[in-house]
Every structure is written in structure tokens, then in C-alpha cells.
Amino acid sequence: RAGVSKHSVKLDLPSNLPIPELDGMLPEEAARRIIEAAVAAALGELRRRGLLPDRVSRLSFATNVGVTPAFDLSDRFRLLEVCQAAGVTVEMHQLIEEPVAAAFSVAKTAMADDDGGFLLVDIGGGTTDVAIMEMRGRGRDYLLHATAGQPRLAGDRLTEVLVDHLVGRLAEERGVPVAELGLS
């Protein structure tokens with residue numbers, strides 16, 4: 001792999017195999033550390049802005065956790081376990097499929113201001129997910145028709161696919177082998 005990101009760590013949760021780029025750390029441990037660091041950074045930023053007194057060392061908070069539709073039930077349970085190990089109390093009903101969350105955001109910001117169906121494509125750091133939704137009553141009612149996710153086709157991997165395609169087209173247009181372009 002080209003590298004490890006918070007997105008690829010999340011996608012490695014189902015296998016939970018050691019990550020060579022992280023000295024063999026398991027994805028569960030890496031994800032827990034990422035979540036703990038994010039919570040600590042948020043607390044630090046609130047303190048820096050003077051919005052949180054120094055005496056407060058921990059906050060209870062409500063959260064939803066985004067999950068790719070590509071995760072099956074056991075993957076979702078593993079994600080919950082990792083969140084809970086990091087001190088984030090979250091339950092199954094608080095998991096929201098990422099394209100659904102994005103679709104609600106689109107609908108609420110009036111980007112989709114007419115009643116009717118829409119396809120939302122959510123290209124994230126680790127997956128490309130889609131949702132097909134229908135909006136009625138000027139955004140008051142939603143009907144989710146379908147969601148799907150494609151792991152490892154987003155972020156850096158999507159960039160690689162696009163670059164390879166464009167370099168191939170350039171070579172074809174110039175009538176030379178890709179290696180002669182000096183771009184690889």
C-alpha cells in the first residue's frame with residue numbers, strides 16, 4: 001500500500017491483521033489511538049479558545065459514528081468495540097451510513113430543494129459510498145431506497161486510478177509507451 005491513513009485503518013478493522021507500516025500494530029489499536037487523539041485534540045482546542053474550564057478533564061458527549069455501507073454486521077460491532085475502548089460511548093443505533101449522513105446534509109442545506117429522488121455519491125478517504133434517497137414535503141420526509149459502498153476506491157487509491165487513466169490517455173494520444181512520457 002502507498003501508506004496508512006485513518007481511513008485505511010478503519011477499513012482494516014474487519015480483518016484486524018497487523019499493519020506493517022505501523023510496526024505491526026493491529027487496526028483495533030490504531031483506530032482506538034486515533035479516536036483518543038481526536039477527542040484529546042478537541043478538548044485542547046476548546047480549552048485554547050477558553051470555552052472549557054481547566055478543571056474539566058473529560059466530557060460526556062453524544063455522537064453518531066459514520067460507517068461505510070460496505071461494513072457487515074460483524075464489522076460494525078468491531079467498530080463499536082473500538083469506539084468504546086477509546087472511551088466513546090456509542091451503540092448500534094448511533095451508527096449512520098456515511099452517504100445517508102451526507103444526503104441529510106445536502107437536503108438540509110437546500111442543495112436538493114425540490115421533492116424527488118436523488119443520488120448522493122460520497123467519495124471519502126477510504127471508500128466511495130452511494131445513497132439513493134427520495135425527499136418529500138420540501139425536506140421534511142425522507143425515504144432511503146438503497147446504499148452501497150466500495151472499499152478502497154477513494155482517497156489516495158482513487159487518485160492513483162485517475163492518474164493512471166490520464167497518463168494512459170496521454171500516452172495513447174501521443175502514440176508513445178507510458179514509460180516514454182517520464183511521468184511514472
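Everything numeric in this text was worked out from a predicted model, so none of it was measured.

**Q** What is the right way to read the sheet that holds strand 5 (residues 141-151) from this model?
**A** The strands making up a sheet associate through backbone hydrogen bonding, with each pair oriented either parallel or antiparallel. Read from one edge of the open sheet, 3 strands run 3-4-5, paired in antiparallel fashion. Each edge of the open sheet is held by one strand with a lone partner, namely strand 3 (116-123) and strand 5. Mean inter-strand twist for the sheet, computed between neighbouring axes without regard to direction, equals 15°. Sheet topology places strand 3 next to strand 4 (residues 127-136); 8 bridges connect them, and they run antiparallel. By the bridge assignment for strand 4, G116 is matched with M135. Together, strand 3, strand 4 and strand 5 form the strand contacts of helix 4 (residues 98-108), whose direction differs from that of strand 4 by roughly 45°.

**Q** Explain unusual backbone geometry to me, please; I cannot follow it from the model alone.
**A** What is expected of a backbone is that most residues other than glycine have negative phi and most peptide bonds are trans. A positive phi angle, near 55°, is found at D23, a position not held by glycine. Relative to the assigned elements, D23 resides in the loop between helix 1 (6-12) and helix 2 (27-48).

The rules behind the values
Residues numbered from 1 in each chain as written. Predicted model: local features only at pLDDT ≥ 70, side-chain atom pairs only at ≥ 80, totals over all residues. Heavy atoms only, no water. Pairing = 2+ DSSP bridges. Helix = DSSP H or I, 4+ residues; strand = E, 2+ residues; numbered from the N terminus. Axes fitted to C-alpha atoms, helices over the stretch in contact; angles between N-to-C directions. Contact = heavy atoms within 4.5 Å.

Purely geometric stuff here, so don't read any function into it on its own.
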